[in-house]
Amino acid sequence: MNKYLFPIYAIVIGVLIALLTKSQKSIHTKLLLSFSGAFLLALTLFDLLPEVYDHLDAKSTGFFIMCGILLQIVLEFFSKGAEHGHVHIHKENLDFPWLLFISLCIHSFLEGFPIHQHNTMIYGVFIHKIPIAALLTSYLLKSKCKKVQIISFIFIFAVMTPLGTFISNTVSLDQKVLVSINALVIGIFLHISTTILFEASEGHKFNLSKLVAICLGVLIAYFI
Ligand SMILES: [Zn+2]
Ligand SMILES: [Zn+2]
């Protein structure tokens, strides 16, 4: 059951952080973001990548990973980087942010696929979603969206990952198809986690707390 509930807990925690801190980018959210990027990247390399190479030939694996990276690049044209931690649509817009919503939903739906009971990706996705949910919530609260729109946005965004997990675990898809989708998700994870790590070093200035957060992320993923 945890495999369905963890992504939802992450959203709940993220929303609570946003409601409690009220600032769009507190230092804690930034550190959590750096930690989550390193943790997700490490888990992808330690857990998900070897699993895919076991079932798919090397060239196709590489091909689907590249497709995932490209897909995430395209999604970020629309989400403006919300998947890796910053939401900045400047227009004072009364409309519902449809492009942001749809691209986040596609991203979240796909990242549910590699989650099975036996692997550790569930923790990676869990940690990755907390700062994203926090930043998204504080953005939506500052926007001029109606309360009901904000709640529906967050609710649908929250159920997309469990939906992806549910489909990958119950619908009888061909093993090859499932593994190919997992390779696609590896590409997505590689892109967002490396972007988080890249953006974490603003102006390439040395930041000890961020470096510690990143090393911790890698270490915990290694021993988990
Ligand atoms: Zn960015
Ligand atoms: Zn994600």
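Our subject is the structure that appears above.
Residues numbered from 1 in each chain as written. Chains lettered and ligands numbered in written order. Predicted model: local features only at pLDDT ≥ 70, side-chain atom pairs only at ≥ 80, totals over all residues. Heavy atoms only, no water.

Tallying secondary structure elements over the chain gives eight helices and zero strands in all. Listed N to C, the secondary structure of the chain is α-α-α-α-α-α-α-α in terms of helices and strands. For a compact globule of 224 residues, the expected C-alpha radius of gyration is about 17 Å, and the chain comes in at 17 Å, within 12% of that figure. In terms of its C-alpha atoms, the chain occupies a principal-axis envelope of roughly 50 × 40 × 30 Å. Taking all 224 residues of the chain together, the buried fraction comes to 52%. Within the chain, residue pairs in contact and separated by at least 24 positions form 87% of the contacts whose partners lie at least 6 positions apart. As displayed, the chain offers around 11,100 Å² of accessible surface, 72% of which is attributable to carbon and sulfur atoms. Seen as two clouds, the 15 positive and the 12 negative side-chain charges of the chain have centres 12 Å apart. (Helix = DSSP H or I, 4+ residues; strand = E, 2+ residues; numbered from the N terminus. Rg over C-alpha atoms; globule rule 2.2 N^0.38 Å. Buried < 20%, exposed > 50% of the residue type's maximum accessible area, 1.4 Å probe, protein only. Contact = heavy atoms within 4.5 Å. Areas by Shrake-Rupley, 256 points an atom, 1.4 Å probe, with all protein chains shown as cover. Lys, Arg positive; Asp, Glu negative; His and termini not counted. Charge placed at Lys NZ, Arg CZ, Asp CG, Glu CD.)

Counted by the stated rule, this structure contains one salt bridge. When the shortest N-O distance is used, the salt bridge between K129 and E111 registers 3.0 Å. Residue K129 is found in helix α5 (residues 121-142), and its partner E111 is found in helix α4 (residues 98-111); the two are separated by 18 residues along the sequence. We classify K129 as buried; its relative accessible area is 2%. (Salt bridge = Lys/Arg side-chain N within 4 Å of Asp/Glu carboxyl O.)

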